[in-house]
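Residue-level structural notes
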Amino acid sequence: SPLGFPDYAREAGRGYALYGIEQADVDQICKDLDRLDASTVRQPSLRALFVDAGMHTLRVRARGVLVAYVRRHRHPGYAQGLHLVAAVLLCHMDDDTAFWCLCALVTRLWPVDLISRPPASMQGLLVESEVLGQLACAGLPALAD
C-alpha cells in the first residue's frame with residue numbers, strides 16, 4: 001500500500017541519505033525555518049496567525065511536513081519559500097492534511113516552473129505570492145490591514 005504522511009515523516013527521520021533525501025534540501029529547510037519569525041512577516045493578519053500558532057511549534061511541525069514532502073517528491077524537491085506555504089497550511093490544519101495539501105499544490109495546481117532549484121529558485125513563488133496578495137487585498141480589503 002502507498003505510504004502516508006506518518007510513514008514518510010518516520011522514515012525520513014531514520015536517515016536522510018538512506019531515503020534519497022539530499023542533505024542540501026534538509027539544510028535549506030532548516031535555514032528557512034530558522035528565519036521564519038512572525039516579526040519578519042509583512043501582513044499583520046498572517047503575522048497574528050503565526051504568533052497564535054506558536055513559532056517554535058510551527059517550525060517543528062513544518063520541518064516534519066517539509067522533510068516528508070521531499071521524501072515523497074524528490075523532484076522538484078524543496079525550494080526556498082515552501083516553508084512559508086507549509087507554515088500557513090499548518091495554521092489551519094493538522095500535519096497530515098497539510099502534507100497532502102502541500103503535495104497537491106506543488107504537483108497538481110502550480111505550474112511546473114513555479115518552484116525550481118537555483119539559480120531560478122523562488123522567483124515564480126515570489127511573483128505568484130505578490131500577485132495573489134494584491135488580488136486578495138483588492139477583493140478583501142480587510143486583509144490589507
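Residues numbered from 1 in each chain as written. Predicted model: local features only at pLDDT ≥ 70, side-chain atom pairs only at ≥ 80, totals over all residues. Heavy atoms only, no water.

Quick notes on the overall build of the chain
Filter applied, for reference: Put simply, DSSP marks the helices as runs of H or I at least four residues long and the strands as runs of E at least two long, and each gets a number from the N terminus on. Here's how the labels work: a residue is buried when its accessible area is under 20% of the maximum for its type, exposed when over 50%, partly exposed in between, all with a 1.4 Å probe on protein chains only. Contacts between residues were defined by any pair of non-hydrogen atoms, one from each residue, lying within 4.5 Å.
For the chain, the count of helices and strands is seven helices and zero strands. Helices and strands in the chain line up, N terminus first, as α-α-α-α-α-α-α. Counting the 145 residues in the chain, one finds 36% classified as buried. Across the chain, every contact between residues at least 6 apart in sequence was considered, and the portion connecting residues at least 24 apart equals 70%.

Describing the pattern of salt bridges
Once the charged atoms of two side chains with opposite charge are near each other, the side chains can pair. The criterion, for reference: A pair is scored as a salt bridge if a Lys or Arg side-chain nitrogen falls within 4 Å of a carboxyl oxygen belonging to Asp or Glu.
Under the criterion given, the structure shown has three salt bridges. Here aspartate 32 makes a salt bridge to arginine 35, at a shortest N to O gap of 2.5 Å. Here aspartate 32 and its partner arginine 35 are both found in helix H2 (residues 23–35), three residues apart, which amounts to about one turn of the helix.

Observations concerning the nonpolar core
Selection rule: What is meant by a nonpolar core is a set of buried Ala, Val, Leu, Ile, Met, Phe, Trp, Tyr and Cys residues, joined one to another through side-chain atoms within 4.5 Å.
Ranked by size, the top nonpolar core spans 30 residues in total, and within it Ile29, Phe50, Leu58, Leu66, Tyr69, Leu82 and Leu102 carry the most contacts. Among the secondary structure elements, those contributing two or more residues to this core are H2, helix H4 (55–72), helix H5 (82–92) and helix H6 (95–109). In terms of residues, this core owes the most to one element, H4, which gives nine residues. Not counting the four nearest positions on each side in its chain, isoleucine 29 is found in contact with Arg63, Leu66, Val67, Val70 and Tyr78.

What about H4?
As a reminder of what qualifies: A helix's residues, less one, multiplied by 1.5 Å, set its expected span.
Compared with an ideal rise of 1.5 Å per residue, which puts 18 residues at 26 Å, H4 spans 25 Å between its outermost C-alpha atoms and is within 8% of the ideal. Of the residues making up H4, those classed as buried are Met55, Leu58, Ala62, Val65, Leu66, Val67, Ala68, Tyr69, Val70 and Arg71.

What about the packing of helix H3 (residues 44–53) against H5?
Packed helices, taken two at a time, are described by the angle their axes make and the gap between the axes. Our working rule: A fitted line through C-alpha atoms serves as each axis, taken over the contacting stretch for helices, and the angle formed by two N-to-C directions is quoted from 0 to 180°. Less than a right angle of anticlockwise turn of the near helix away from the far helix marks a crossing as left-handed, whereas a clockwise turn marks it as right-handed. Residues are grouped as follows: Ala, Val, Leu, Ile, Met, Phe, Trp, Tyr, Cys and Pro are nonpolar; Asp, Glu, Lys and Arg are charged; all remaining types, including Gly, are polar.
Contact geometry of H3 with H5 gives a least axis separation of 10 Å together with a crossing angle of 65°. Seen along the crossing, H3 lies across H5 with a hand that is left-handed. Residues Leu46, Leu49, Phe50 and Ala53 of H3 pack against Ala87, Val88, Cys91 and His92 of H5. Counted by class, the contact of H3 with H5 contains seven nonpolar, one polar and no charged residues.

Examining the side chain of aspartate 32
Take aspartate 32: its relative accessible area is 1%, and that puts it in the buried class. Those residues in contact with aspartate 32, other than ones at most four positions away along the chain, are Tyr78, Gln80, Gly81 and His83.

Some points on the packing of aromatic side chains
Short version of the rule: Aromatic pairs are defined between Phe, Tyr and Trp rings, using the six-membered ring for Trp, whenever the two ring centres lie within 6.5 Å; interplanar angles under 30 degrees are classed as stacked, those over 60 as edge-to-face, and all others as tilted.
Applying the stated criterion across every chain yields a total of one aromatic pair. Centre to centre, the rings of phenylalanine 99 and tryptophan 100 are 4.7 Å apart; their planes meet at 70°, and the pair counts as edge-to-face.

Regarding the confidence of the model for the chain
Defined as follows: Each residue gets a pLDDT score, which is the predictor's confidence in that residue and runs from 0 to 100.
The pLDDT averaged across the chain works out to 75; a share of 68% of its residues lies at or above 70. Averaged pLDDT values over the elements of the chain bottom out at 55 in helix H1 (residues 5–13) and peak at 89 in H5.

A word on the side chain of histidine 83
In this structure, histidine 83 sits in helix H5. On the accessibility criterion, histidine 83 (9% relative accessible area) is buried.

Re the environment of alanine 87
Summarising the element assignment, alanine 87 is placed in helix H5. Between the C-alpha atoms of alanine 87 and leucine 66, which are 21 residues apart in sequence, the distance is 9.8 Å. Aside from chain neighbours lying at most four places away, what touches alanine 87 is Leu36, Phe50 and Leu58.

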